[in-house]
Amino acid sequence: EVQLQQSGPELRRPGSSVKLSCKASGYSITDYLMHWVKHRPEHGLEWIGWIDPEDGETKYAQKFQSKATLTADTSSNTAYMQLSSLTSEDTATYFCARPPFDYWGQGVMVTVSS
Amino acid sequence: DIRMTQSPASLSASLGETVNIECLASEDIYSDLAWYQQKPGKSPQLLIYNANSLQNGVPSRFSGSGSGTQYSLKINSLQSEDVATYFCQQYNNYPFTFGSGTKLEIK
């Protein structure tokens, strides 16, 4: 059974960074891209980008080009997203999702507050 | 970026009714459109892909249609478990973009 297990909630100070994980089970992450999506209730869903874990190729939405860094560790079958220079605008729930978006992680809440 | 204009923003209907949700793309997306259902505190669930293909395991009362720039999601025989927010998404062009969502409630 395919599952995407994300790390737990995070509380960070403005200006800091955070690294979120998404551990896949039931398949090899090298077989599919991994997408990341941001959700804020008042702003809806925003696509951040994808990584190809097989070769590390990435594609970002321009808006997140300098905010998010996507990586993957094939030995642990885990994808990661680092968010840098955090502001209140980064407070959101972040999802990983396997294309064609039929499998999603449970989401991780990131709160940025002083 | 392709803008997805979704309507209505909220919808209240009775059990057993049929409801329609619309998405208008700012340019032709060639049926590269998906519909998702999201319940509070949960991740989105794929309902429809390629505008009209039903995802495995999704009840047949859900259906999608449309082409070009205009798409719709139809829910027949509304059930209590259908209470959720519904989103459309285009994946024809980067960045992938989502509609703003339709919150569906039961009268």
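Relevant structure appears above.
About the criteria used
- Residues numbered from 1 in each chain as written.
- Chains lettered and ligands numbered in written order.
- Predicted model: local features only at pLDDT ≥ 70, side-chain atom pairs only at ≥ 80, totals over all residues.
- Heavy atoms only, no water.
- Salt bridge = Lys/Arg side-chain N within 4 Å of Asp/Glu carboxyl O.
- Helix = DSSP H or I, 4+ residues; strand = E, 2+ residues; numbered from the N terminus.
- Buried < 20%, exposed > 50% of the residue type's maximum accessible area, 1.4 Å probe, protein only.
- Contact = heavy atoms within 4.5 Å.
- Buried area = accessible area lost by both parts, 1.4 Å probe.
- Nonpolar A, V, L, I, M, F, W, Y, C, P; charged D, E, K, R; others polar.
- Core = buried A, V, L, I, M, F, W, Y, C linked by side-chain atoms within 4.5 Å.
- Disulfide = S-S within 2.5 Å.

Caption draft 1: Spotlight on the pattern of salt bridges. Residues and elements named next belong to chain A. Following the criterion strictly, the structure yields seven salt bridges over all chains and no others. Put simply, Glu46 and Lys63 hold a salt bridge, and the shortest N to O gap is 2.4 Å. Linking Glu46 in strand S5 (residues 44–52) with Lys63 in the loop between strand S6 (57–60) and strand S7 (68–73), this pair joins segments that are 17 residues apart in sequence. The exposure class of Lys63 is exposed, given its relative accessible area of 55%. Residues joined by salt bridges that share partners form a network here, namely Arg40, Glu46, Lys63 and Glu89.

Caption draft 2: Examining the interface of chain A and chain B more closely. Counting from both sides, the interface comprises 16 residues of chain A and, opposite them, 13 residues of chain B. Taken over both partners, the interface formed by chain A and chain B buries close to 1,300 Å², and the fraction arising from carbon and sulfur atoms is 72%. Among the residues of chain A in contact with chain B, A:Leu45, A:Trp47 and A:Trp104 are the three that bury the most area, contributing 44% of the side total. Across the chain A-chain B interface, the total number found is zero salt bridges. Listing elements by their share of the side of chain A that touches chain B, those giving two or more residues are strand S4 (34–40) and S5 of chain A. If one sorts the elements of the side of chain A that touches chain B by residue count, S5(A) sits on top with five residues. Per-class residue counts for the side of chain A that touches chain B are nine nonpolar, four polar and three charged.

Caption draft 3: Looking closely at the side chain of B:Ser72. Position of B:Ser72 relative to the elements: it lies in strand S8 (residues 70–75). Setting aside anything within four residues of it in sequence, one finds B:Ser72 in contact with B:Ile21, B:Glu22, B:Trp35, B:Ser63, B:Gly64 and B:Ser65.

Caption draft 4: Inspection of the nonpolar core at higher detail. Membership of the largest hydrophobic core comes to 41 residues, with the highest contact counts inside it found for A:Leu20, A:Met34, A:Trp36, A:Met81 and A:Tyr94. Contacts of A:Met81, omitting those with residues within four sequence positions, involve A:Val18, A:Lys19, A:Leu20, A:Trp36, A:Ile48, A:Ala68, A:Thr69, A:Leu70 and A:Tyr94. Within the second largest apolar cluster, 24 residues are counted, among which are B:Leu33, B:Phe62, B:Tyr71 and B:Ile75.

Caption draft 5: Broad picture of the state of the cysteines. Residues and elements named next belong to chain A. Tallied over the entire structure, the rule returns two disulfides over all chains. Each disulfide pairs two cysteine sulfurs, and for Cys22 the partner residue is Cys96, the sulfurs being separated by 2.0 Å. Judged by the torsion about the S-S bond (80 degrees), the Cys22/Cys96 disulfide is right-handed. Taken as a pair, Cys22 in strand S3 (residues 18–25) and Cys96 in strand S9 (residues 92–98) lie far apart in primary sequence, 74 residues in all.

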